[in-house]
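Working through the structure, step by step
Here are the chains, one letter per residue:
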Amino acid sequence: SPIAVKKICCIGAGYVGGPTMAMIAKQCPHIQVTVVDINQQRIDEWNSEELPIYEPGLHEIVSECRGKNLTFTTDVDETIRDADMVFISVNTPTKTFGVGAGRAANLEFVEKCARKIAEVSIGHKIVVEKSTLPVRTAEAVKTILSNSTTGASFDVLSNPEFLAEGTAVEDLISPDRVLIGGENETAINALVEVYANWVPRERLLTTNLWSSELSKLTANAFLAQRVSSINAISALCEATGADVDEVSTAIGTDSRIGPKFLKASVGFGGSCFQKDILNLVYLCEYFGLPEVAQYWEQVVTMNDHQKQRFVNRMVRTMFNTVSDKRIAIWGFAFKKDTNDIRESAAIYVCRDLLMEKAKLAIYDPQVKPEQMRAALESVMQDENGELNAMKRELLDNNVQYCDNGAAAADDAHAIAVLTEWDEFKDCDFEAIRDSMKQPAFVFDGRNLLKHADLCDKGFTYFGIGF
Ligand code: UDX
Ligand code: UDX
Ligand code: ADP
C-alpha cells in the first residue's frame, strides 16, 4: 500500500525550498510542512512580513499557510527526526577551490545534510534531492545514509525543480511536468501522491535516478544554449543591419524551434545556467568526453562575450570614453520580478564600466544597495579576496544608489537598461531626456523600450542586435 506522507521537512529555506514548500503546504492541507535552515536571519525573515525573497504571489501563500501547516525554523535535528519525507534543497555553488574549481559543483552542503539525516533519523525516511546536482550524487547520498548507525532505513529520490524565478508561483501551480527519479516504487509513489493533489497525473514523469539528475542539467543547458545562440546571432545582426527581434520571430514560428526563450539580451544570469553548464562540462571531462565538454562550454564563453560586447559598444559609441561620465543603470536583478542578483549580467557590466572610470547611478526596484555593493565588491576583489586602493575608491566614489529610474538618469550621459522591469517602460521620457546630458544615449540591454518612440523623443538609442 502507498506510504501516505504526513510530515515533510525541507532543508534549505532559499529560492527553491521556500516557494516549493509553500506551494506543497497550500495544496496539501493534510501535510505538515516544515522548512529548516541553519541561517537564523533567513528563518526570521520567512517568519516576518518581509520575506527574504521577492516572488509575485508568494507572500499571499505564505501568509495563508504559516501558522497552519507551514513552519520555518532552525530546529534542524528535531524536524528531520519527525518527518516521513526530507527534501534536500541547499545551495550547490560552483567550487571555488581545489579539484574542479570554477567548474564542479560544491557538494559540501549536500553531504552535510545527508550526514545530518543519517545521524538523527529513526524509522524509515524518504530523502528527496531537490537541489540541482551532478549525475550520480544520489548514489553518494545513499552511501552516506546507509552508514547510519541509528537503525533507520532510507529511500532516495531525485525530484529536480524546474521553476524559474519571478514566475515561481505560476510555475509551481501548473508545472509543465514534475520529474521523479528513483528505484523503489513505493517511495516514488509516495511523492507522486503528494504532487497529485494539484498536478495532473500525466504531468508526473517517473524515471530512474540518473535520468532524472541528468535531465535537470540538460534542460538548463538547452535553455542557456538558446539564449547564447540568439545572442551570437545578435552580434551578426549588429554587423550586418539585420534585426535580431525580427529574426527571433521568424525562426520562432517554426514549430520545431518554437517561440519561447529567444530574446536576445545583455547575457543570461541567475544561479543556475552557468553553474549547471559548468557542472555538465566537468562531468563530460571526467567521463573522457572532451569534445562534448567543449561544445557546452562555448555557451558560457558566448555569454561572457555578450556582456563584454555590450560594454564595448557603450564605450565606443560614447566617443571612446566614459571616464567621469554619469551612467544610469536601470535594473540590477538577473531578470525582472526577482530580487536575486546571482550571476546577474549587471554585475559584470557595472564592473567593466567602473574599470573605465564611469560614475554609476544604479536603480533596481527590488535589490537593496548593500546587496549590489557586496556583489560589485566581490567581483572586483583579487584572488586573495582583497580590494586594491583604486578599486575601493571606485566603489566608494563612483557608485551611487538611486530611488528610481528618473533620479538615476538625472544629469547622466547615458542610460543602460540591464533588467526588463515593467516600470521602465512607463517612464516620462521627455522629462528624462531634458534632465540628461546631450546627446542622451540609451543602451537597452533587454530591447525593452520602444525604439522608434525614443528616437522621436530625441534619444540616441541602441538595443541588442540591430
Ligand atoms: C532541413 C530543414 O529541416 C528544412 O527546414 C530546410 O528547408 C532544409 O534543411 P532536411 O535537411 O530536408 O531539411 O531534413 P531534416 O528533417 O531537417 O533533417 C536533417 C538531418 O537531421 C537528417 O539527417 C535527420 O536525420 C537529422 N535529424 C533531424 C536528427 O538526427 N535528429 C532529429 O531530431 C532531427
Ligand atoms: C532557470 C530555468 O528556466 C528553470 O527551469 C530552472 O529551474 C532554473 O534556471 P531562472 O534562472 O530562474 O530559471 O530564470 P530564466 O527565466 O530561465 O532566465 C535565466 C536568464 O536568462 C535570465 O538572466 C534571463 O534574463 C535570461 N534570458 C532568458 C534571456 O536573456 N533571454 C531569454 O529569451 C530568456
Ligand atoms: P537555492 O537557490 O538553491 O534555493 P539558496 O542559496 O537560495 O539556494 O538557499 C539554500 C539555503 O540552504 C540557504 O539558506 C542555506 O543557509 C541553507 N543551507 C545550506 N546548508 C545547510 C545545512 N547543512 N542545513 C540547513 N540549511 C542549509
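Here the structure is a predicted model, which is why all the values come from computation and not from measurement.

1. Considerations on the site of ligand 3
Near ligand 3 there are 21 residues, and of these Gly-12, Gly-14, Tyr-15, Val-16 and Asn-91 occur at the shortest range. In terms of residue count, the dominant contributor to the shell around ligand 3 is helix 5 (residues 108-120) (three residues). When grouped by side-chain class, the residues that make up the shell around ligand 3 number ten nonpolar, eight polar and three charged.

2. Structural notes on the UniProt feature "active site" (unreviewed entry) in the protein chain
Per the UniProt record, "active site" (unreviewed entry) is annotated on Cys-272. Relative to the helices and strands, Cys-272 is located in the loop between helix 10 (244-252) and helix 11 (273-286). Here Cys-272 falls in the buried class, since 25 other C-beta atoms lie within 10 Å of it. Not counting residues up to four positions away in its chain, the partners in contact with Cys-272 are Thr-132 and Asn-220.

3. Topic: the nonpolar core
Residues Ile-329, Val-349 and Ala-416 are the most contacted members of the largest nonpolar core, which totals 78 residues. Other than its neighbours up to four places away in sequence, Ile-329 contacts Ala-346, Cys-350, Leu-360, Ala-361, Ile-362, Ala-408, Ala-416 and Leu-418. The next biggest cluster of nonpolar side chains, apart from the first, holds 62 residues, and it includes Val-5, Val-62, Val-127 and Phe-154.

4. A few points about the site of ligand 2
By nearness alone, 19 residues border ligand 2, and Lys-263, Ser-265, Phe-268, Gly-270 and Cys-272 come closest of all. A per-element tally of the shell around ligand 2 places helix 9 (residues 209-240) first, with three residues. Across the shell around ligand 2, the residue classes break down as eleven nonpolar, four polar and four charged. Two domains share the shell around ligand 2, each providing at least three of its residues, namely domain 1 (7-207) and domain 2 (225-462).

5. Let's talk about the sheet that holds strand 13 (residues 440-444)
With parallel pairing, the six strands of this open sheet are ordered in space as 11-10-9-12-13-14. Edge positions in the sheet fall to strand 11 (399-401) and strand 14 (459-462), since each has one partner strand and no second. Each adjacent strand pair in this sheet contributes to an overall mean axis angle of 20°, direction not counted. For strand 12 (residues 414-417) and strand 13, the ladder comprises four bridges, and the chain directions are parallel. Counted as the bridge partner of Ala-414 is Phe-441 from strand 13.

6. Quick word on the domain arrangement of the protein chain
Annotation of the protein chain at the domain level lists domain 1 (7-207) and domain 2 (225-462). Measuring from the centre of the C-alpha atoms in domain 1 to the corresponding centre in domain 2 gives 32 Å. Between domain 1 and domain 2, the residue contacts involve 16 residues of the former and 16 residues of the latter. Residue composition of the side of domain 1 that touches domain 2, grouped by class: nine nonpolar, four polar and three charged.

7. Quick look at helix 13 (residues 345-355)
Within helix 13, nine of the eleven residues are buried, leaving the element largely enclosed by the surrounding structure. Every buried residue of helix 13 is listed here: Ala-345, Ala-346, Ile-347, Tyr-348, Val-349, Cys-350, Arg-351, Leu-353 and Leu-354. The elements touched by buried residues of helix 13 are helix 12 (290-317), strand 9 (326-330), strand 10 (359-363), helix 14 (369-380), helix 15 (389-397) and strand 12. Positive phi shows up at Lys-357, right after helix 13, with a value of about 70°.

8. Observations concerning the environment of Phe-332
One can find Phe-332 in the loop between strand 9 and helix 13. Residues Phe-332 and Ala-345, 13 residues apart in the sequence, show an inter-C-alpha distance of 8.0 Å. If we skip the residues at most four places from it in the chain, Phe-332 touches Ile-341, Ser-344, Ala-346, Ile-362, Asp-364, Val-367, Met-372, Leu-418 and Thr-419.

9. Some thoughts on the environment of Glu-202
By the element assignment, Glu-202 lies in the loop between helix 8 (185-195) and strand 8 (204-207). For Glu-202, a count of 7 C-beta atoms within 10 Å corresponds to the exposed category. For the pair Glu-202 and Arg-177, spaced 25 residues apart in sequence, the C-alpha separation works out to 8.3 Å.

The rules behind each value
Residues numbered from 1 in each chain as written. Chains lettered and ligands numbered in written order. Predicted model: local features only at pLDDT ≥ 70, side-chain atom pairs only at ≥ 80, totals over all residues. Near = placed C-beta within 6 Å. Helix = DSSP H or I, 4+ residues; strand = E, 2+ residues; numbered from the N terminus. Nonpolar A, V, L, I, M, F, W, Y, C, P; charged D, E, K, R; others polar. UniProt positions renumbered as here; feature names shortened; annotations may be inferred. Buried ≥ 20, exposed ≤ 12 C-beta atoms within 10 Å, placed from the backbone. Contact = placed C-beta atoms within 7 Å. Core = buried A, V, L, I, M, F, W, Y, C linked by C-beta atoms within 7 Å. Domains from an automatic or database assignment. Pairing = 2+ DSSP bridges. Axes fitted to C-alpha atoms, helices over the stretch in contact; angles between N-to-C directions.

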